[in-house]
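Spelled out, the chains give:
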Amino acid sequence: MSGPQLRHVGLNLSDSDDLEPGEAETGLYGFWIFLMSDAILFALLFAIYGTQLAATAGAPGPAAEFKIGGAFVETLILLTSSLTFGLASIAMKYDRGRTGLVTMLCLTLGLGIAFLGFELSDFATMVSDGATPDRSGFLSAFFALVPTHGLHVTAGCVWIVVMLAQIAAFGIDARVKLNLLKLGLFWHFLDIIWIAIFSVVYLQGTLG
């Protein structure tokens, strides 16, 4: 008698009859390549930011403008959104119906919007203090790096709305699962980038 078959902890999309053999693996591989290209973009922005840290040209610097408390709250919000997306993935993997999946996706969307709200408030405060991108190389580099991450979070929020519409229209079929898995990779990638921003930009700027 053979023992129970063990399955990996992923979504097991390769076993689905709704996808051609290898389609899930190929789609995910292509998306990983996209994420790596996006990582290169952020690496370049971090490199530029590092070279411009001292180029304040008399304009407000990081110690004057960055508020570690606000950045920490934004970090907690985004990390919590990663948890809720993980719970959505678990609900999808174990076929717990639409309710759990949709609830966790809506919570993730709400947290993403909250993060963007706090971030926009920070930007508005900086602008009101005269810390605009045209004032110095440092501020130009900051507004190139951090808002680029915010644009990615905005894109992720729009993607969640699209996925909620797909779930309502098509249910939780294999293609919807594949799209949600790609979205999960994208969302967790943004969390990793934000941790780097929090460490390199905000911690270094306020404590360095």
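See the structure above.
This report concerns the structure included in the present document. (Residues numbered from 1 in each chain as written. Predicted model: local features only at pLDDT ≥ 70, side-chain atom pairs only at ≥ 80, totals over all residues. Heavy atoms only, no water.)

### With respect to the packing of aromatic side chains
Counted under the stated rule, the structure contains 14 aromatic pairs. Centre to centre, the rings of Phe 31 and Trp 159 are 5.8 Å apart; their planes meet at 65 degrees, and the pair counts as edge-to-face. Of the two residues, Phe 31 sits in helix H1 (residues 23-51) while Trp 159 sits in helix H5 (residues 137-170), which places them 128 residues apart along the sequence. By relative accessible area, Trp 159 is classed as partly exposed at 21%. Centroid distance Phe 123 to Phe 143: 5.7 Å. Interplanar angle 55 degrees. Geometry classified as tilted. Here the residue Phe 123 occupies a position in helix H4 (residues 97-128), and Phe 143 occupies one in helix H5, the gap between them amounting to 20 residues. Phe 143 shares its class with Phe 123; the two are buried. Linked through ring pairs, Tyr 49, Phe 66, Phe 115, Phe 123, Phe 138, Phe 142, Phe 143, Trp 194 and Tyr 202 together constitute an aromatic cluster. The ring of Tyr 94 has Lys 93 sitting right over it, with the charged end atom 5.3 Å from the ring centre. (Phe/Tyr/Trp six-rings, centres within 6.5 Å; stacked < 30°, edge-to-face > 60°. Helix = DSSP H or I, 4+ residues; strand = E, 2+ residues; numbered from the N terminus. Buried < 20%, exposed > 50% of the residue type's maximum accessible area, 1.4 Å probe, protein only. Lys NZ or Arg CZ within 6 Å of the ring centre and 35° of its normal.)

### Concerning the packing of H4 against H5
The relative placement of two packed helices is expressed as an angle between their axes plus a distance between the axes. Two numbers describe how H4 lies on H5: the axes approach to 10 Å, and their chain directions differ by 155 degrees. Judged by the angle between their axes, H4 and H5 are roughly antiparallel. For H4 against H5, the interelement crossing comes out left-handed. Residues of the contact of H4 with H5, tallied by class, amount to 22 nonpolar, five polar and two charged. (Axes fitted to C-alpha atoms, helices over the stretch in contact; angles between N-to-C directions. Parallel < 35°, antiparallel > 145°, perpendicular 65-115°, else oblique. Left-handed = near helix turned anticlockwise from the far one by under 90°. Nonpolar A, V, L, I, M, F, W, Y, C, P; charged D, E, K, R; others polar.)

### Let's talk about helix H6 (residues 174-207)
Over its 34 residues, H6 extends 48 Å from the first C-alpha to the last, a length consistent with the 50 Å expected when each residue adds 1.5 Å. Phe 198 marks the point of greatest bend in H6, at about 30 degrees. (Expected span 1.5 Å × (residues − 1). Bend = angle between axes of the 7 residues up to and from the residue.)

### What about the side chain of Asp 38?
Among the secondary structure elements, Asp 38 is positioned in helix H1. Put simply, Asp 38 is tucked away with no salt bridge, and the nearest opposite charge, on Lys 182, sits 15 Å away. Setting aside chain neighbours within four positions, we find Asp 38 in contact with His 152, Phe 186 and Phe 189. (Lys, Arg positive; Asp, Glu negative; His and termini not counted. Salt bridge = Lys/Arg side-chain N within 4 Å of Asp/Glu carboxyl O. Contact = heavy atoms within 4.5 Å.)

### Details of the environment of Gln 166
Structurally, the position occupied by Gln 166 is in helix H5. C-alpha of Gln 166 to C-alpha of Asn 179: the two residues are 13 residues apart in sequence and 9.7 Å apart in space. Every residue in contact with Gln 166, bar those within four places of it in the chain, is listed here: Gly 171, Val 176 and Asn 179. A distance of 3.3 Å separates polar atoms of two side chains, one belonging to Gln 166 and the other to Asn 179. (Polar contact = N/O pair within 3.5 Å; in protein donor to acceptor, adjacent residues only side chain to side chain.)

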